[in-house]
Amino acid sequence: MSLNFFRTLQEKPWLQPDAVLPERVMDRSDINPKKLPLIVFLGIVSVFFFLFLITFLARSQYPDFQALAGETWQPFYHPQQLWINTGLLLIACVALQVALMATRRQNIHTAQIALCLALLFTLQFGAAQLLLWRHLYKLGFYMASNPANSYFYLLTALHGLHLIGGLFVLVPVILRSFGFFRPATTAPQQRPLQPPRQQQLQYSLELCALYWHYLFVIWLLIFFFNASSPAVYKTLAALCGY
Amino acid sequence: MPHVAIADQTSELHDPRSFITKYIWSQDHKVIAIQYALTAIGVGLIALVLSAMMRLQLGFPDTFDFITPNAYLQFVTMHGMIMVVYLLTALLLGGFGNYLIPLMIGARDMVFPYLNMLSYWTYLLSVLILLASFFVPGGPTGAGWTLYPPQAILPGTPGVDAGIVLMLVSLAVFIIAFTMGGLNYVTTVLQARTHGMTLMRMPLSLWGIFTATVLGLLAFPALLVSAIMMALDKLIGTSFFMPAIVSLGEQLDYTGGSPILFQHLFWFFGHPEVYIVALPAFGMVSDVLAVHARKNIFGYRMMVWAIVIIGFLSFIVWAHHMYVSGMNPVFGYFFATTTLIIAVPTAIKVYNWVLTLWRGNIHLTVPMLFAIGFIFTFTHGGLTGLFLGNVVVDLPLSDTYFVVAHFHMVMGVSPIMVLFAAIYHWFPLVTGKRLHDGLGKLHFWITFLGTYAIYLPMHYLGFLGVPRRYFALGSTDFIPESAQTLNASITVSAIVVGLAQLIFIFNLIWTLRKAKPCSPNPWGAASLEWQTPNVPPRHGNWGQKLPTVYRWAYDYSVPGITSDFIPQNISEDAVIRDAETSGDVDDHSDKGSHT
Ligand code: HEM
Ligand SMILES: [Cu+2]
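Cut-offs used in this document
Residues numbered from 1 in each chain as written. Chains lettered and ligands numbered in written order. Predicted model: local features only at pLDDT ≥ 70, side-chain atom pairs only at ≥ 80, totals over all residues. Heavy atoms only, no water. Helix = DSSP H or I, 4+ residues; strand = E, 2+ residues; numbered from the N terminus. Rg over C-alpha atoms; globule rule 2.2 N^0.38 Å. Areas by Shrake-Rupley, 256 points an atom, 1.4 Å probe, with all protein chains shown as cover. UniProt positions renumbered as here; feature names shortened; annotations may be inferred. 1 Å grid on protein atoms, 1.4 Å probe; cavity = no way out; pocket = protein on both sides within 12 Å on 5 of 7 lines; lining within 4 Å. Points joined across faces, edges and corners; volume = space filled by probe spheres on them. Contact = heavy atoms within 4.5 Å. Salt bridge = Lys/Arg side-chain N within 4 Å of Asp/Glu carboxyl O. Buried < 20%, exposed > 50% of the residue type's maximum accessible area, 1.4 Å probe, protein only. Phe/Tyr/Trp six-rings, centres within 6.5 Å; stacked < 30°, edge-to-face > 60°. Near = heavy atom within 4 Å. Polar contact = N/O pair within 3.5 Å; in protein donor to acceptor, adjacent residues only side chain to side chain. Nonpolar A, V, L, I, M, F, W, Y, C, P; charged D, E, K, R; others polar. Donors = N, O, S within 2.8 Å, 3.2 Å for Na, K, Ca; no water. Axes fitted to C-alpha atoms, helices over the stretch in contact; angles between N-to-C directions. Parallel < 35°, antiparallel > 145°, perpendicular 65-115°, else oblique. Left-handed = near helix turned anticlockwise from the far one by under 90°. Tetrahedral: all angles 85-135°; square planar, octahedral: opposite > 155°, others 65-115°. Core = buried A, V, L, I, M, F, W, Y, C linked by side-chain atoms within 4.5 Å. Expected span 1.5 Å × (residues − 1). Patch = residues over 30% accessible without salt bridge, like charges linked within 9 Å, V, L, I, M, F, W, Y side chains within 5 Å.

Asks: Talk me through the overall build of chain B; I want residue IDs and the actual numbers.
Replies: The helix and strand tally for chain B stands at 15 helices and two strands. For 595 residues, the compact-globule estimate of 2.2 N^0.38 gives 25 Å, and chain B sits close to it at 25 Å. Along the three orthogonal principal directions, the C-alpha set of chain B runs to about 85 × 55 × 50 Å. For chain B, the exposed surface amounts to about 21,500 Å²; the carbon and sulfur share of it is 69%.

Below, the structure written as structure tokens:
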């Protein structure tokens, strides 16, 4: 991809009238048309989370910062709850991947079951995160009482928003896999260009799977950052030049 | 998805019938572009009025009762923010980006027209939220467009209650709008180009718009992150940026946050923002120069590379805005160096513009005048930027009028020059009519000379040490009395320039209502947007069949052919040659080989 880009930059457009006439990318049926925008979007989200995490590191080096892990009396000294939540999200990811592979093999029934499981475990994850919030809140870890708490609530909340955004795509896809909404996608003028239903489902699932794997990776980062000890922050911050 | 890509279709689209679907809830990129442009120009005029009020205060202190010190700070802030974000970014990318991208690449529309429509309405919402802050108790924020904490959210700064919150919310909404638009632009450029339109055959306008969009998509998140954290500091009492602090004799609850952290985030957005505004301007001015000098752009490839390299470098220079905030000297050295390096590709671009003009067949049309004006103002502002990029020079000049003069030349006046060039240039495409020439020239000369009358003396005031963002100078030993005379003259020039914009608006209205339609491609431009079957293009742009592209966009003054340019969609066989040289292909096959 990037190599291609550099090759492109070396073309001499003034020398080649009439030369090759590349096809329109959109006319190619082997390209999932929404994949590129999704990758770009996830790129933007990455910058967003990356910036939060880098300020997290910087902020962790100020004396008023009390990490949520490290000491026995800190809530994430034994982060079992975090591990459980990780497991829930992981299962959701795997289920989506299974659904995708099943669709590729035209096995629509397996796909439907896997999709429902994915939805179920995603919701479970969301609920478990809420419980975690309540737990910490009861222990007296309020949002404003310490920057570490602030970051914990903020990052998990944003991750939750990201997840809810994903549900807006996943739920319609599930409904469509069960046969709802079909007429809407086939307005008369567009019919000839629409890929067949199975391929459309596969395209949508490719996007969902990518989105969920991404959610999972972000979650791991958030997990890592919130459950590390001050010593780890110090090393990382030193590496970043603070 | 119910909203399937229109750009995808090969058949002609039917024009929407009702007024509402055609002009209000339109998904046509051209209508959305005009909506963006009109909204942006509308708020821009508000910002212009605000600057006039600041100038009145500075030029004639103690004359206008309604301009209080607090109001002055609020004017400064709203003026700066509106100009940079809500006018320039929105007009260049939302307006021109929307209009030109599908037409220049030969698509029927953006890839996601519905998202595009949503982007405009979200942008409008952000503008309304911003303007609402004029009407809330306490008024808009007066924290300066940089919104530095802790002062931005502490008592003593105007608009500390509702104003700052509305500002942060409005910025967040704007960023959402921009992201929706930006995703569209990037995807459309990468996936919806017509047959034969390789990336390197795109006009430079598109390279500028495309790269700027990528920059925006990567830089705006930094502003969003800082807005979110600052809003939390303000509303919930977290201490992301707020240090332990005593305010009005009271120890506040904030613990030990870091205001410098905010500055890093802000300028990580803020510097690329300069190029988000500049790169589309660079691109569009290149095309205007080439068309009106009837010459291919000098060094097309180098121009593309320069755009891409500038885009990349703009992410590693941000701390040159923070020399006075203090930093590790090694970092200061690093950022000064990168800042000077970014001048290299920028200078290359300036050389290439000048070399495009050199021995060209220059037509001094109104767009060309503005484009040449841009070369002046931009070179001028760029050179003072080299001063300020050096730590030792910046320290005494920081926060003086020298800085105000510098950034107005480089990112205030210069992009505005290009915007005018672009409006005069593409107006016939958008409306089928040409703006009045005489009025245009009058508008140009007052604006261009007036700009110098305003900003040249400001450099001098800066050397004297006149500070920026000051309501009044008071009696200061190091500032001579005569500075006040200079200030009065600047104010008079500013008012004249401001009023001169009425000529432009009159010209727009007069042309729309009274002028006769002009020929479809009045400047004889080769790029694709002028080759649509109808001018102005209809919904769907290309009639029955998408165009095929055979060449780059700069085949001007090609020897041996009958007309002096070859449009991009004309194949080599279809070119009409002069009788005596027909068949002599070698004659022009190496055109442009100087690069
Ligand atoms: C006739 C046109 C303009 C005039 C007369 C004008 C005048 C001014 C004045 C008097 C100030 C305040 C200086 C101070 O007290 O510190 C200011 C600030 C500013 N202007 Fe303009 N301006 C004009 C156009 C523009 C444009 C087109 C831009 C677009 C980039 C712009 C961007 C800014 C910014 C960013 C600030 C700084 C605000 C701050 O300090 O927070 N201005 N302008
Ligand atoms: Cu900068």
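Read on for the rest.
Asks: How would you explain the UniProt feature "domain: Cytochrome oxidase subunit I profile" (unreviewed entry) in chain B if you had to name every residue and give the values?
Replies: Here, UniProt's "domain: Cytochrome oxidase subunit I profile" (unreviewed entry) annotation points to residues 19–550 of chain B. The span residues 19–550 of chain B shows a helical share of 67% and a strand share of 1%, and its end C-alpha atoms are spaced 38 Å apart.

Asks: Explain empty space enclosed by the protein to me, using residue names and the numbers behind them.
Replies: All names here are of chain B. If you walk through the whole model with that rule in mind, you get five cavities of 30 Å³ or more. Roughly 70 Å³ of volume is contained in the largest cavity. The set of elements that each furnish at least two residues to the lining of the largest cavity consists of α3 (69–105) and α5 (162–191). Per-element accounting of the lining of the largest cavity gives the leading share, five residues, to α5.

Asks: Provide a residue-level description of the environment of F41(A), including the pertinent values.
Replies: As for its position among the elements, F41(A) is in helix α2 (residues 35–60). Not counting the four nearest positions on each side in its chain, F41(A) is found in contact with H162(A), Y211(A) and L183(B).

Asks: For the pattern of salt bridges, give the residues involved together with the corresponding values.
Replies: All chains considered together, the criterion is met by 10 salt bridges over all chains. The partner of E206(A) in a salt bridge is R104(A), with the nearest N and O atoms 3.3 Å apart. Highlighted residues: E206(A) in helix α6 (residues 197–226) and R104(A) in helix α3 (residues 80–104), separated in sequence by 102 residues. Put simply, D437(B) and K441(B) hold a salt bridge, and the shortest N to O gap is 3.7 Å. Of the two residues, D437(B) and K441(B) both sit in helix α13 (residues 437–464), four residues apart, roughly one turn of that helix. Classification of K441(B) by relative accessible area gives partly exposed; the value is 31%. One salt-bridge network, in which partners are shared between bridges, spans R551(B), D555(B), E572(B) and R577(B).

Asks: Talk me through the packing of aromatic side chains; I want residue IDs and the actual numbers.
Replies: Residue and element names in this part refer to chain B. Enumeration over the complete set of coordinates arrives at 65 aromatic pairs over all chains. Plain terms: the ring middles of F262 and F266 are 6.0 Å apart, the flat faces sit at 20° to each other, and that makes the pair stacked. With F262 and F266 both in helix α7 (residues 259–292) and four residues apart, this pair spans about one turn of that helix. Residue classification places F266 among the buried positions, given a relative accessible area of 0%.

Asks: Give me the lowdown on the site of ligand 1, citing residues and values where you can.
Replies: Residue and element names in this part refer to chain B. Not every one of the 24 residues close to ligand 1 is listed here, only the nearest: Y72, H79, W145, H408 and R469. In this structure, an oxygen atom belonging to ligand 1 sits 2.4 Å away from a main-chain N or O atom of R469. Of all the secondary structure elements, the ones that give two or more residues to the shell around ligand 1 are α2 (29–59), α3 and α12 (401–431). Top element by residues in the shell around ligand 1 is α3. It accounts for seven residues. Here the residues of the shell around ligand 1 sort into 15 nonpolar, six polar and three charged.

Asks: Tell me what's going on with the coordination of the copper ion (ligand 2), and back it up with residues and numbers.
Replies: Residue and element names in this part refer to chain B. Bound to the copper ion (ligand 2) are the protein donor atoms H271 (ND1), H320 (NE2) and H321 (NE2), situated 1.7 to 2.0 Å from the metal. Ordering the donors of the copper ion (ligand 2) by residue number gives the pattern H-x48-H-H. Classification of H320 by relative accessible area gives buried; the value is 13%. Since its relative accessible area comes to 29%, H321 is described here as partly exposed.

Asks: Tell me about unusual backbone geometry, residues and numbers included.
Replies: Residues and elements named next belong to chain B. Residue P149 is joined to P150 through a cis peptide bond whose omega torsion reads 0°. If you trace the backbone, P150 turns up in the loop between α4 (113–132) and α5. Residue P536 is bonded to the preceding V535 through a cis peptide linkage, with omega at -5°. Along the polypeptide, P536 turns up in the loop between α14 (482–514) and α15 (586–589).

Asks: Account for the side chain of H408(B), naming residues and giving values.
Replies: Residue and element names in this part refer to chain B. Along the chain, H408 falls in helix α12. Classification of H408 by relative accessible area gives buried; the value is 17%. A distance of 2.8 Å separates the side chain of H408 from the backbone oxygen of V404, its partner in a polar contact. Setting aside residues no more than four positions away along its own chain, H408 makes contact with H79, V413, S414 and Y455.

Asks: I'd like a description of the UniProt feature "transmembrane region" (unreviewed entry) in chain A, backed by residues and values.
Replies: Residue and element names in this part refer to chain A. If you check UniProt for "transmembrane region" (unreviewed entry), the listed places come out as residues 36–58, 82–101, 113–132, 152–175 and 203–225 in our numbering. As annotated, residues 152–175 comprises 100% helix and 0% strand, and the C-alpha atoms at either end are separated by 34 Å. Between the C-alpha atoms that bound residues 203–225 the distance is 34 Å, and the span itself is 100% helix and 0% strand.

Asks: Residues and numbers for the packing of α2(A) against helix α6 (residues 204–235) of chain B, please.
Replies: In the contact formed by α2(A) and α6(B), the axes pass within 9 Å of each other and the chain directions differ by 45°. In terms of orientation, α2(A) lies oblique with respect to α6(B). Seen along the crossing, α2(A) lies across α6(B) with a hand that is right-handed. Contacts from V40(A), I44(A), V47(A), F48(A), L51(A), F52(A) and T55(A) in α2(A) reach L217(B), L218(B), P221(B), A222(B), L224(B), V225(B), I228(B) and M229(B) in α6(B).

Asks: An account of the coordination of the iron atom of ligand 1 is needed here, citing residue identities and associated values.
Replies: All names here are of chain B. For the iron atom of ligand 1, the protein coordination sphere consists of H79 (NE2) and H408 (NE2), at 2.0 Å. In this structure, the iron atom of ligand 1 is coordinated by six donor atoms arranged in octahedral fashion, with angles at the metal of 85 to 179°. One end of the pair, H79, is in helix α3; the other, H408, is in helix α12, and 329 residues separate them in sequence. Across this residue pair, the class does not change: H79 and H408 are buried.

Asks: Report on the nonpolar core, specifying residues and quantitative values.
Replies: Grouped together as the largest cluster of nonpolar side chains are 259 residues, with contacts concentrated most on Y86(B), Y123(B), L147(B), Y300(B) and W353(B). No other element matches α3(B), which puts 24 residues into this core.

Asks: I'd like a rundown of helix α9 (residues 329–357) of chain B, residues and numbers included.
Replies: Residue and element names in this part refer to chain B. In a regular helix each residue adds 1.5 Å, so 29 residues correspond to 42 Å; α9 covers 43 Å between its end C-alpha atoms and thus fits that length. For α9, the N-terminal cap is N328; the gap from its side-chain oxygen to the backbone nitrogen of V330 is 2.9 Å. The positive-phi residue at the C-terminal boundary of α9 is R359, with phi of around 55°.

Asks: Which residues make up a nonpolar patch on the surface, and what values do they have?
Replies: Residue and element names in this part refer to chain B. Where nonpolar side chains cluster on the molecular surface, the patch consists of L340, L383, L386, F387, Y460 and F463 and spans about 580 Å² of accessible area. When residues of the nonpolar patch are traced back to their parent elements, those giving at least two are α10 (366–389) and α13. Of all the elements, α10 adds the most residues to the nonpolar patch, at three residues.

Asks: Explain the environment of Q501(B) residue by residue, including any values.
Replies: Residues and elements named next belong to chain B. Within the fold, Q501 resides in helix α14. Judged by its relative accessible area of 11%, Q501 falls in the buried class. Put simply, Q501 and L204 are 297 residues apart on the chain and 28 Å apart in space, counted from C-alpha to C-alpha.

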